Amino acid sequence: MKYFLTTILLMFITLGFAQENGSIVGTITDKDMNDEPLPFANVQIKGTAKGTTTDMDGLFQIQDVTPGTYTVVISFIGYKTLEVPDVKVEAGKVANLNASLSADSQMLEAVTVETTTKKDSQVALLIEQKKAVEIKTSIGAQELSRKGISDASQGVVAAAGITKVASRGIFIRGLDDRYNSLLVNELPVSVVDWEQKIVPLELFTSDILRNIDINKVYYPNLYGDFAGATIDIHTKDIPNSQVVEVSFGAGVNSNAFKSGNTFLIDKESSTEYFGFGGADAREIPAVFSENTISTNISLTPSESANLFESDYNYEEAGTPVSFDFGVVVGDKIDLKNSDARLGYYIGLSYSNDYNWQYGSDLQYGGSGTEVRGFSKDNSFEFSTTSNLLMSLLYQNPRTKLALNYLQPRTSSNNFQDAQGFTRDVDNKFARNNRYKNSVLHQIQFIGSSYLDESNTSGVRYLGTYGIGKFSQPDQKVWSYEDNNEDGIYTTEFSNADDLIYNRYFLSSDNYNIAGKLEYFRKMGEVSDENGDFFKHTVKVGADANIEEVDFFNRFLLVSRYTTTANAFIVNPDRPNDVIENGFASGDLRYTESVGAPKSYVGNNNIYAGYASYAYKPSQKFDVSAGTRVEYINREYTLQNSGILTQFNTIEIESGAKLLPFVNAKYSLSDKTNLRFAASKTYTRPKNVETAPFLRIDSKGDELVGNPNLVLSDNYNADLKFELFPNSGELLSLNAFAKHIENPIETIRVQQGGTSFRTTFVNTESAFLYGLELEVIKKLGNIFDNEALNNIYFGFNATYMQSNVTLDRSDANQVGLISDERSLQGASDFLFNADANYDFRLSDNWESTFTVTFNTFSERISALGSGTINDQYEQPFNDLTFIWKNKLNEHLSVSFKASNILNDTSERIVDQLNVQSYTNYKRGTDFSVGVNYSF
């Protein structure tokens, strides 16, 4: 009745003000959602500039239409276009067009309507954000595609308060990935890379993504282990119609065109182009396998000769052109004589990339004297990422079941090449070759059922099992020198642990099993002028996640077998020859570094129960509160480096944590919301931060974990204002504050004369607060010009302040330099922006230009200790351009240029009157892509 009366009112308005021409008015509803209004749908008169969008009630009105017969085009951004022919407009009259759209093709009053009801568009997600009681940000597949985003990490960075730091993952509100948590379809997944706490987001490519939810606010159905955000990746839904798509692309980096630039890579790289076989080509010899970890092994020269299939030699890569392809197949099957349907989705993708970094490295010691200076500090990396997603779904009006299998796989082959001086060597060459690969096998079962016909109560039941495997086989580190600068390169070996030629072997097997059971009930149904709603909603649930990470580590070096200490001549083009000649002459051998454990098993188990109650006294006001109780058990079993046959189990943390929350939402109007949330959470350290494994690079810099780290406790508060002025538009302002007890931070200590050690500590406390502003706007609405309605722009900006308090009575904090400073990783300012322009070059050719930009202000990247000051990462400006073209119903092509500014990535340390720095440029990437839909 409300829609009918509103339509009649629109008719009278139109008759009063548009007597010479006519109008088209009506209502668009969603048949698959029980004929609920479909807001923000675009309604356009084909071949003209006249059009509008439906309001929150699905109503639309197009005024001042010249009499005639038209085709009206109804569209939802990113969805199939709907055309309604033969709409007659008469002078002084109103043409009434009402359509109830369905996911299936059907006849609606002689109008053929074809559409889908996916919820992956930016507009649909903004509607969901507006209606939701929770505070969260969602990024859909449409926005990912428009911005040329290729994986989940790039998608997350597009949100307010988030940046990505090279080699250190995602920072959310100044907190790195140790403070964040990851779910896939609401379920935890197994760890893959042993250095990370969560699965790297780069593994989840856009081919398998439906949308990404970023929960910066805690709710009891989420695990309590986060202070930055819980990122929930949702994979593709079952399509509502048959989908068959293929895509491929190619790209190149601008560094490839520079004169004299050569991409270096190890000679085993030919086995790993598709991400398979790299570990097999670098397999550890049986004498150093996991079966012999109870012995420190030293070989003779003859035993060392020809021991490895892989070696230190390297080669120049051919034409470094990156490549990618993808295949998507999906369909649904309606079961006869029932309201049920089956569906499936299979997505397979592969991509590789050549990454170039040209830089330099100059370091000063605490006294201000030069420690080392590498004028050439270059890095070359060939990486691959592949993804397989297989989904099977069953759905009827009361129950929805899904079975998913995910297999993300990645590999990288990194070659570092540095030349310069150290305190003791005038002309030193240092090289490092590190190959690693990982694969995740994750099976998920996701189910939900309503328990009554009115859908007021129901249960959700989810379970998952995952196996993650990580391998870093045969990382090779070596160095040599040319002190006389006569072109003769030499190196010396000693009887002690030497850092001239080293090999590292590391692997980890990671497992998780998790499940969730949740019951909900809605009660107290009431009606008002705005519709029906329930006053009370209760949720209770339980979940668990059991994780185990098994590490194996071996550190080998080449040392002198004889007592003579002569220098060995090195052929820099064939660095392996020097040690093979040394083995043959009886002068050199392989030995094992002692003093470090070779085995580490970590267990992290969580068992939880939660309950929440939501009260809604009116359509405008919602308030909810609840709590979660998590029982946490963290322990590790570590090999005793003094008695290799002895393994000690140490319990780090065991006990229950009470994690309360409160949340409120008040709708100031139909277009504005005011939200508040407060909670308590905690933070668990990353594996690399606790595993006591020593890693040394070619410059002698060390990395070692601290197994004594404890959990951080986090107290969080958010206050957010939202305005949704028009279709697809948003203005929001979010104030936030966090108090963190025992924050975990990275420290950097000078180690010996020319190198530095990185490790991790708990400091006493930190306080972090800030503002986030987000804007999404149509240019046409700003200038009141319909011709500009196809131009969108958006930006988000974050201003933060933080302060860390130290406990000088703690031995781990005594050596830290700064008593008053910002939290490590927290920038004062973050900024992301994008603009896109949609236009048609012909009836079939649709084109979109998109430009994105992001930057951040200076931030601490590592804490100084002893006499070494704090290290600061400098601002980095990133500009990307994407041009996407849909040439016809089937064929699309795209062009992308990223890192156009080719800004310098730099970290500096102000030491007395001098400045240490590490910097590099990675070049601009250019790529083209083609997509064909059958």
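For the chain, the name recorded in an unreviewed UniProt entry is TonB-dependent receptor, with Neptunitalea lumnitzerae as its organism. Checking UniProt for the chain, the heading Subcellular location (unreviewed entry) contains the comment "Cell outer membrane".

Colleague: In this structure, what is going on with the overall build of the chain? I would like to understand it.
Modeller: Scanning the chain from N- to C-terminus turns up nine helices and 52 strands. For the chain, the share of sequence-separated contacts (at least 6 apart) that also reach a separation of at least 24 residues comes to 71%. Working note: accessible area of the chain is about 38000 Å², and carbon and sulfur atoms make up 53% of it.

Colleague: Whenever I open this one, the pairing of strand β44 (residues 829-840) confuses me. Can you help?
Modeller: Look at any regular strand and the pattern is simple: side chains alternate between the two faces of the sheet. Relative to β44, strand β43 (residues 791-805) runs antiparallel, the two being bridged by nine bridges. By the bridge assignment for β44, Y792 is matched with N836. Pairing of β44 with strand β45 (residues 846-856) involves eleven bridges; the strand directions are antiparallel. Bridged to F839 within β45 is S847.

Colleague: What is the right way to look at the nonpolar core in this model?
Modeller: Most often, soluble globular proteins keep nonpolar side chains buried together rather than apart. Ranked by internal contacts, the top residues of the largest apolar core, which has 38 residues, are L182, F204 and I233. Among the secondary structure elements, those contributing two or more residues to this core are α4 (152-157), β14 (169-172), β15 (181-184), β16 (209-215), β17 (230-235), β23 (370-395), β24 (399-422) and β25 (428-450). Leaving out residues up to four positions away in the same chain, F204 has contacts with D151, A152, L182, V184, V199, L209, I233, N387, L406 and P408. One finds F380, F415, V570 and Y590 within the second-largest nonpolar core, a separate group that totals 34 residues.

Colleague: Is there a simple way to think about a nonpolar patch on the surface in this case?
Modeller: The grouping of V662, Y666, L668, L674, F676 and L719 at the surface amounts to a nonpolar patch, some 490 Å² of accessible area in total. Those elements that provide at least two residues to the nonpolar patch are β34 (647-669) and β35 (672-683). Broken down by element, the nonpolar patch gets its largest block of residues, three residues, from β34. Within the element layout of this structure, F676 appears in strand β35. Exposure remark for F676: the relative accessible area of 37% places this residue in the partly exposed category.

Colleague: Before we go on, may I ask you to explain the side chain of E592 in this structure?
Modeller: Turning to its location among the elements, E592 is positioned in strand β31 (residues 588-592). Given the relative accessible area of 5%, E592 is considered buried. A distance of 2.4 Å separates a polar atom in the side chain of E592 from a polar atom in the side chain of R554. Polar side-chain contacts of E592 include one of 3.1 Å to the side chain of K598. Residues in contact with E592, not counting those within four places in the same chain, are F288, T295, N296, I297, R554, F555, L556 and K598.

Colleague: How should the sheet that holds strand β4 (residues 51-53) be read in this particular structure?
Modeller: Two pairing modes exist for strands in a sheet, parallel and antiparallel, and in both the strands are linked by backbone hydrogen bonds. Across the sheet, four strands lie side by side as β4-β3-β6-β7; this open sheet has antiparallel pairing. Lying at the two open borders of the sheet, with one neighbouring strand each, are β4 and β7 (82-89). Ignoring which end each strand starts from, the neighbouring axes of this sheet average 20 degrees apart. Where strand β6 (residues 68-75) lies against β7, six bridges are found, and the strand directions are antiparallel. Across the sheet, residue I74 finds its bridge partner in β7, namely L82.

Colleague: Which parts of the structure should I look at to understand the pattern of salt bridges?
Modeller: Where charged atoms from two side chains of opposite charge approach closely, those side chains can pair. One pass over the structure, following the stated rule, counts 36 salt bridges. E186 is the salt-bridge partner of R460, the closest N and O atoms lying 2.9 Å from each other. Placement of R460 in strand β26 (residues 457-481) and of E186 in the loop between β15 and β16 is noted, with a sequence separation of 274 residues between them. By sharing partners, the salt bridges in this structure join R173, K216, D718 and E772 into a single network.

Colleague: Please explain the packing of aromatic side chains as it appears in this structure.
Modeller: Two numbers describe a pair of aromatic rings. These are the distance of the centres and the angle of the planes. Counted by the stated rule, this structure contains 38 aromatic pairs. Relative to F325, the ring of F323 lies with its centre 6.0 Å away and its plane at 40 degrees, an arrangement referred to as tilted. The ring of Y435 carries the charged tip of R282 above its face, separated from the ring centre by 4.1 Å. Lying over the aromatic face of Y223, R628 brings its terminal NZ or CZ to 4.9 Å of the ring centre.

Colleague: How should I be thinking about the environment of D838 in this particular structure?
Modeller: Among the structural elements, D838 can be located in strand β44. On the basis of relative accessible area, D838 is assigned to the partly exposed category, the value being 28%. When the C-alpha positions of D838 and T848 are compared, they lie 4.5 Å apart, and in sequence the two are ten residues distant. Apart from the residues within four sequence positions on either side, D838 is in contact with N790, S847 and T848. One polar contact links D838 to N836, side chain to side chain, over a distance of 3.5 Å.

Colleague: Just checking my understanding: could you explain the environment of R808 for this structure?
Modeller: Inspection of the secondary structure assignment puts R808 in the loop between β43 and α9 (811-814). Overall, the relative accessible area of 32% leaves R808 in the partly exposed class. In the structure, R808 is positioned 45 residues away from T763 in sequence and 9.4 Å away in space, judged by C-alpha atoms.

Colleague: When you look at the sheet that holds β17 in this model, what are you seeing that I'm missing?
Modeller: The strand order across the open sheet formed by four strands is β12-β16-β17-β15, and the pairing between neighbours is mixed. A single partner strand is all that each edge strand has here, and the edge strands are β12 (137-140) and β15. The average undirected angle you get between the axes of adjacent strands in this sheet is 15 degrees. In this structure, β12 lies alongside β16, joined through four bridges in antiparallel fashion. Within the sheet, the bridge partner assigned to S138 lies in β16 and is D213.

Colleague: Honestly, unusual backbone geometry in this entry has me stumped. Any pointers?
Modeller: A positive phi angle, near 55 degrees, is found at N306, a position not held by glycine. N306 sits in the exposed class, given a relative accessible area of 65%. Notably, D474 is not glycine yet its phi reads approximately 55 degrees, a positive angle. One can find D474 in strand β26.

Colleague: Explanation requested: helix α6 (residues 576-585) in the structure shown.
Modeller: Quick reminder: α-helices carry 3.6 residues per turn. Residues three or four places apart thus point the same way. Of all the positions in α6, only N576, V578, I579, G582 and F583 are classed as buried. On an axial view of α6, the arc spanned by its buried residues comes to 165 degrees, and they lie on one face. Seen from the buried face of α6, the exposed residues on the opposite side, beyond 90 degrees, are N581 and A584. Just downstream of α6 lies G586, where phi reads positive at about 80 degrees.

Colleague: How should the environment of V72 be read in this particular structure?
Modeller: Here V72 shows up in strand β6. Counting along the chain gives 27 residues from V72 to I45, while the straight-line C-alpha distance between them is 4.6 Å. When neighbours within four sequence positions are excluded, V72 is seen to be in contact with I24, V43, Q44, L82, E83, V84, V87 and L97.

Colleague: How should the pairing of β23 be read in this particular structure?
Modeller: Pairing geometry for strand β22 (residues 341-364) and β23, over 21 bridges, is antiparallel. Looking across to β23, one finds that S351 is bridged to T385. In textbook terms, the turn of a hairpin is the stretch between consecutive antiparallel strands, and for β22 and β23 this stretch comprises five residues, one of which, G368, has a positive phi near 90 degrees. For β23 and β24, the ladder comprises 23 bridges, and the chain directions are antiparallel. For S383, the partnering residue across the bridge sits in β24 and is S412.

Colleague: I'm lost on the confidence of the model for the chain in this one. Help?
Modeller: In low-pLDDT regions, the fine details of the predicted coordinates are not to be read closely. Here the chain averages 82 in pLDDT, and 89% of its residues register 70 or above. Within the chain, strand β38 (residues 712-723) carries the highest mean pLDDT (94), whereas strand β11 (residues 111-113) carries the lowest (34). Overall, residues 1-19 carries pLDDT values under 50, and its contacts beyond four positions in sequence, including any with other chains, amount to 25 contacts. Long-range and interchain partners of residues 103-119, a stretch whose pLDDT sits below 50, account for 43 contacts in this model, where long-range means more than four residues apart.

Criteria and cut-off values
- Residues numbered from 1 in each chain as written.
- Predicted model: local features only at pLDDT ≥ 70, side-chain atom pairs only at ≥ 80, totals over all residues.
- Heavy atoms only, no water.
- UniProt positions renumbered as here; feature names shortened; annotations may be inferred.
- Helix = DSSP H or I, 4+ residues; strand = E, 2+ residues; numbered from the N terminus.
- Contact = heavy atoms within 4.5 Å.
- Areas by Shrake-Rupley, 256 points an atom, 1.4 Å probe, with all protein chains shown as cover.
- Pairing = 2+ DSSP bridges.
- Core = buried A, V, L, I, M, F, W, Y, C linked by side-chain atoms within 4.5 Å.
- Buried < 20%, exposed > 50% of the residue type's maximum accessible area, 1.4 Å probe, protein only.
- Patch = residues over 30% accessible without salt bridge, like charges linked within 9 Å, V, L, I, M, F, W, Y side chains within 5 Å.
- Salt bridge = Lys/Arg side-chain N within 4 Å of Asp/Glu carboxyl O.
- Polar contact = N/O pair within 3.5 Å; in protein donor to acceptor, adjacent residues only side chain to side chain.
- Axes fitted to C-alpha atoms, helices over the stretch in contact; angles between N-to-C directions.
- Phe/Tyr/Trp six-rings, centres within 6.5 Å; stacked < 30°, edge-to-face > 60°.
- Lys NZ or Arg CZ within 6 Å of the ring centre and 35° of its normal.
- Arc of directions from axis to C-beta.
- pLDDT = per-residue confidence, 0-100.

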